[in-house]
Amino acid sequence: MWISKVSEIIGSSPTSFEGAAQSVLMRANQTLRGITGIQITEKRLKIVDGAVTEYRVRLRLTFDIAPRTESHW
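What you see is a predicted model; the values in this text were computed from it and never measured.

Scoring rules and cut-offs
Residues numbered from 1 in each chain as written. Predicted model: local features only at pLDDT ≥ 70, side-chain atom pairs only at ≥ 80, totals over all residues. Heavy atoms only, no water. Pairing = 2+ DSSP bridges. Helix = DSSP H or I, 4+ residues; strand = E, 2+ residues; numbered from the N terminus. Axes fitted to C-alpha atoms, helices over the stretch in contact; angles between N-to-C directions. Buried < 20%, exposed > 50% of the residue type's maximum accessible area, 1.4 Å probe, protein only. Polar contact = N/O pair within 3.5 Å; in protein donor to acceptor, adjacent residues only side chain to side chain. Contact = heavy atoms within 4.5 Å. Expected span 1.5 Å × (residues − 1). Arc of directions from axis to C-beta. Core = buried A, V, L, I, M, F, W, Y, C linked by side-chain atoms within 4.5 Å. Salt bridge = Lys/Arg side-chain N within 4 Å of Asp/Glu carboxyl O.

Chemist: Explain the sheet that holds strand β1 (residues 3–13) here, please?
Modeler: What links the strands of a sheet is backbone hydrogen bonding, and the strands pair in either a parallel or an antiparallel sense. Spatially, three strands are ordered β1-β3-β2 in an open sheet, and the strand pairing comes out antiparallel. Here the strands that pair on one side only, and so sit at the sheet edges, are β1 and β2 (35–48). Averaged over all pairs of adjacent strands, the angle between strand axes in this sheet comes to 15 degrees, irrespective of strand direction. Where β2 lies against strand β3 (residues 51–65), 12 bridges are found, and the strand directions are antiparallel. When the sheet's bridge partners are listed, Gln-39 is paired in β3 with Arg-60.

Now the structure itself:
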């Protein structure tokens, strides 16, 4: 039996919302296996002197948790 887990993560990019989501996915792939989906729940912009300087996203990342295996010891 497989179980999925959902984690809420925030990421940013100097160029786009898509870039911010990609940065989260790239980082999550370094430590998580079985990522099955992303839901963007919030988008924000950082403004400095009237110009957009950073794109930020809050997202829910869904990944599978491996089934429990019996120890062979």
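Chemist: It is not clear to me how unusual backbone geometry should be interpreted in this structure. Could you clarify?
Modeler: Working note: non-glycine residues mostly have negative phi, and peptide bonds are mostly trans. Here the phi dihedral of Asp-49 falls at roughly 50 degrees; this positive angle occurs in a residue that is not glycine. Among the residues examined, Asp-49 registers a relative accessible area of 80% and is labelled exposed.

Chemist: Whenever I open this one, the side chain of Glu-54 confuses me. Can you help?
Modeler: Relative to the elements of secondary structure, Glu-54 occurs in strand β3. Within the local environment of Glu-54, its side chain forms a polar contact with the side chain of Arg-56, the two groups lying 2.7 Å apart. Among all residues touching Glu-54, those that are not within four sequence positions of it are Ser-12, Ser-13, Arg-44, Leu-45 and Lys-46.

Chemist: Sorry, what's going on with the environment of Trp-2 here?
Modeler: Note that Trp-2 resides in the segment before β1. The spatial distance from the C-alpha of Trp-2 to the C-alpha of Ile-65 is 6.4 Å, given a sequence separation of 63 residues.

Chemist: In this structure, what is going on with helix α1 (residues 17–28)? I would like to understand it.
Modeler: Along an α-helix, residues three or four positions apart point the same way, because every turn accommodates 3.6 residues. An ideal rise of 1.5 Å per residue puts 16 Å on 12 residues; α1 measures up with 17 Å between its terminal C-alpha atoms. Listed as buried for α1 are Ala-20, Ala-21, Val-24 and Ala-28. Burial along α1 is one-sided: seen end-on, the buried residues are contained in an arc of 95 degrees. The outward face of α1, more than 90 degrees from its buried face, is lined by the exposed residues Glu-18 and Met-26. Buried positions along α1 lie against β1, β2 and β3.

Chemist: Could you clarify how one ought to interpret the nonpolar core in this entry?
Modeler: Within soluble globular proteins, side chains that are nonpolar tend to cluster in buried spots. Of all hydrophobic cores here, the largest spans eight residues; its members are Ala-20, Ala-21, Val-24, Ala-28, Val-57, Leu-59, Leu-61 and Phe-63. Those elements that provide at least two residues to this core are α1 and β3. Beyond its immediate stretch of four places on either side in the chain, Val-57 contacts Ile-9, Ile-10, Gly-11, Phe-17, Ala-20, Ala-21, Ile-40, Glu-42 and Lys-43.

Chemist: Looking at this structure, I do not really get the pattern of salt bridges. What am I missing?
Modeler: Side chains that differ in charge, positive against negative, can pair when their charged atoms come close. This structure, assessed with the given rule, holds five salt bridges. Across the pair Glu-8 and Arg-60 runs a salt bridge, and its minimum N-O distance is 3.9 Å. Note that Glu-8 is positioned in strand β1 and Arg-60 in strand β3, a separation of 52 residues in sequence. Taking the shortest distance from any N to any O, the salt bridge between Glu-42 and Arg-44 comes out at 3.1 Å. Each of Glu-8, Glu-42, Arg-44, Arg-58 and Arg-60 takes part in one network of salt bridges that share partners.

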